[in-house]
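Architecture and fold: a report
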Amino acid sequence: MRNKEEAQELLEHFRTSENKNFTCNEEAIFSAYDNNHGHQSLAIKILSIFGGVLASFSFLGFLLVAGLYNSPVGLLVLGIIGIAAGIFINKAYDKIIIDTISVSSFIIGFALLNFGLSTMEVDDNINYLICILIATASLIITRSYILVFISVLIINGGILMIIPSNKEFDFIHLYTSLLAIIVTAFYLKEAKIIAQHTAFSRLYNPIRIALLLSFLTGLASIGDDFITVSDDYIWVSSVVIILAILYVLSRIFEVLNISQMPQKAGIYIITVALLLPTVLSPAISGAILIILLSFLVNYKTSLVIGILAFVYFVSRYYYDLHFTLLTKSILLFSSGILFLGLYLLTHKKLTSHEEI
């Protein structure tokens, strides 16, 4: 809702369309709208994050030039102080410039803590676990969009770093599979999640976008030099993602009023046949899953990210020398047919709905 007039029109629509008497607390709704309207837009929050990151890098460079790296204890102390200060500043103040300062302090704190533990030759697994635990605690304490977003990224990033640290590269499939399930559930169960507690309504959006980026990072890591997976298990992630896609399709059927079993079965069979070539590249099917989820819940930011990810993963797959040109051509051909089929299906249904 862009303004109060649209909110009023929506309430009037509910009053006229509901069979039973529709009652609501209009004063509380408009009060909540005014409070939410004062919050910064997503673009401002992104700029705040980037500003905090750049400021953090600059300050870290200054600390390294000053020779702080020679004192592991000093690094740990300053790291803990930086994390605590970032959380405290963000909870005490609610302004854009303060957000940038708190983000900078938060990022610098984690960087110094990680560097200090590494300087003390602490085992990498313990180092990552400490960062995960502190980020989890920060996630529970803070209610800030930006700090929640960064905390979720740190948690997933720490889990992802543990995989190459232990040379157990095939565990990346477990990581991506779990994230595929979590992201799917998070998108489709939005109403139930938000309804659980008032705090969840503020935490939902930053956690959702952070989970999405973490999922894409895991997909991008498969087959990369950072994580070299075995060809024997590369199908694991793909199978889970394809099953998630089929589940999302079942929800799309409900939206498009597709109830006849022959139609559903035909679409399922065609979808599986078209997605089978992506078994060798789970990143492509993962991007398709994001696009379908975004389309279903009408999340435009995620849709753009999904499309960009799909283009990137397809281009990276095309230049991958592990597969023949014939295999790549089959994959691209099948993906094109899938999207054209989805377009024709949705266009036909939406057109028929408009005619009614």
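This part takes up the overall build of the chain. Broken down by element type, the chain carries 15 helices and 0 strands. Looking at the chain residue by residue over its 356 residues, the buried ones come to 40%. Taking as baseline every contact in the chain between residues at least 6 positions apart, the subset at least 24 positions apart corresponds to 71%. Total accessible area on the chain stands at roughly 20,100 Å², and carbon and sulfur atoms take up 67% of it.

Another aspect to go through is the packing of helix α11 (residues 235-255) against helix α13 (residues 282-297). Direction vectors running N to C along α11 and α13 enclose 20°, while the axes themselves pass 9 Å from each other. Relative to α13, the element α11 is oriented roughly parallel. Every pair of crossing elements has a handedness; the one defined by α11 and α13 is left-handed. Here α11 contributes Ser 237, Ser 238, Ile 241, Ala 244, Ile 245, Val 248, Arg 251, Ile 252 and Val 255 to the contact with α13, which in turn contributes Pro 282, Ser 285, Gly 286, Ile 288, Leu 289, Leu 292, Leu 293, Phe 295 and Leu 296.

Counting residues in hydrophobic clusters, the biggest one holds 71 residues, and the most contacted among them are Phe 215, Leu 289 and Phe 313. Residues contacting Phe 215, with those up to four places away along its chain left out, are Thr 176, Leu 179, Ala 180, Val 183, Ile 241, Gly 286, Leu 289 and Ile 290.

Bringing the pattern of salt bridges into the picture now. The final tally for this structure, using the stated rule, is 2 salt bridges. Taking the shortest distance from any N to any O, the salt bridge between Arg 208 and Glu 190 comes out at 3.8 Å. Of this pair, Arg 208 sits in helix α10 (residues 198-221) while Glu 190 sits in helix α9 (residues 190-196), placing them 18 residues apart in sequence. The exposure class of Arg 208 is buried, given its relative accessible area of 7%. Here Arg 251 and Glu 254 are joined by a salt bridge, their closest N and O atoms 3.9 Å apart. Of this pair, Arg 251 and Glu 254 both sit in helix α11, separated by 3 residues, roughly a single helical turn. For Arg 251, a relative accessible area of 23% corresponds to the partly exposed category. Its relative accessible area of 55% is what places Glu 254 among the exposed residues.

Across all of its chains, the model carries 5 aromatic pairs by this definition. Ring centres of Tyr 187 and Tyr 299 lie 6.2 Å apart, and the angle between their planes is 50°; on these two criteria the pair is classed as tilted. With Tyr 187 in helix α8 (residues 172-188) and Tyr 299 in the loop between α13 and α14 (300-318), the pair connects residues that are 112 residues apart, well separated along the chain. Judged by relative accessible area, which is 14%, Tyr 299 ranks as buried. Lying over the aromatic face of Tyr 187, Arg 208 brings its terminal NZ or CZ to 5.6 Å of the ring centre. One Lys or Arg, Arg 208, reaches over the ring of Tyr 299 and ends 3.7 Å from the middle of that ring.

Along the chain, the position of Val 311 falls in helix α14. According to the relative accessible area criterion, Val 311 is exposed, its value standing at 51%. Between the C-alpha atoms of Val 311 and Ile 284, which are 27 residues apart in sequence, the distance is 8.7 Å.

Another point: helix α6 (residues 124-141). The α-helix winds at 3.6 residues per turn, so residues separated by three or four positions along the chain end up facing the same way. The end-to-end C-alpha distance of α6 is 26 Å, a good match for the 26 Å that 18 residues give at a rise of 1.5 Å each. Considered for burial, the residues of α6 that qualify are Asn 127, Tyr 128, Cys 131, Ile 132, Ala 135, Ser 138 and Leu 139. Taken down its axis, α6 places every buried residue within 130° of arc, on the same side. Opposite the buried face of α6, at more than 90 degrees from it, the exposed residues are Leu 133 and Ile 140. The backbone nitrogen of Asn 125 has a side-chain oxygen 3.0 Å away, supplied by the residue at the start of α6, namely Asp 123.

Next up on the list: the confidence of the model for the chain. Looking at the chain as a whole, its pLDDT mean stands at 77, while 67% of the residues score no less than 70. Averaged over each element, pLDDT in the chain is lowest for helix α2 (residues 26-37) (53) and highest for α8 (92). Long-range and interchain partners of residues 35-39, a stretch whose pLDDT sits below 50, account for 0 contacts in this model, where long-range means more than four residues apart.

What counts and how
- Residues numbered from 1 in each chain as written.
- Predicted model: local features only at pLDDT ≥ 70, side-chain atom pairs only at ≥ 80, totals over all residues.
- Heavy atoms only, no water.
- Helix = DSSP H or I, 4+ residues; strand = E, 2+ residues; numbered from the N terminus.
- Buried < 20%, exposed > 50% of the residue type's maximum accessible area, 1.4 Å probe, protein only.
- Contact = heavy atoms within 4.5 Å.
- Areas by Shrake-Rupley, 256 points an atom, 1.4 Å probe, with all protein chains shown as cover.
- Axes fitted to C-alpha atoms, helices over the stretch in contact; angles between N-to-C directions.
- Parallel < 35°, antiparallel > 145°, perpendicular 65-115°, else oblique.
- Left-handed = near helix turned anticlockwise from the far one by under 90°.
- Core = buried A, V, L, I, M, F, W, Y, C linked by side-chain atoms within 4.5 Å.
- Salt bridge = Lys/Arg side-chain N within 4 Å of Asp/Glu carboxyl O.
- Phe/Tyr/Trp six-rings, centres within 6.5 Å; stacked < 30°, edge-to-face > 60°.
- Lys NZ or Arg CZ within 6 Å of the ring centre and 35° of its normal.
- Expected span 1.5 Å × (residues − 1).
- Arc of directions from axis to C-beta.
- Polar contact = N/O pair within 3.5 Å; in protein donor to acceptor, adjacent residues only side chain to side chain.
- pLDDT = per-residue confidence, 0-100.

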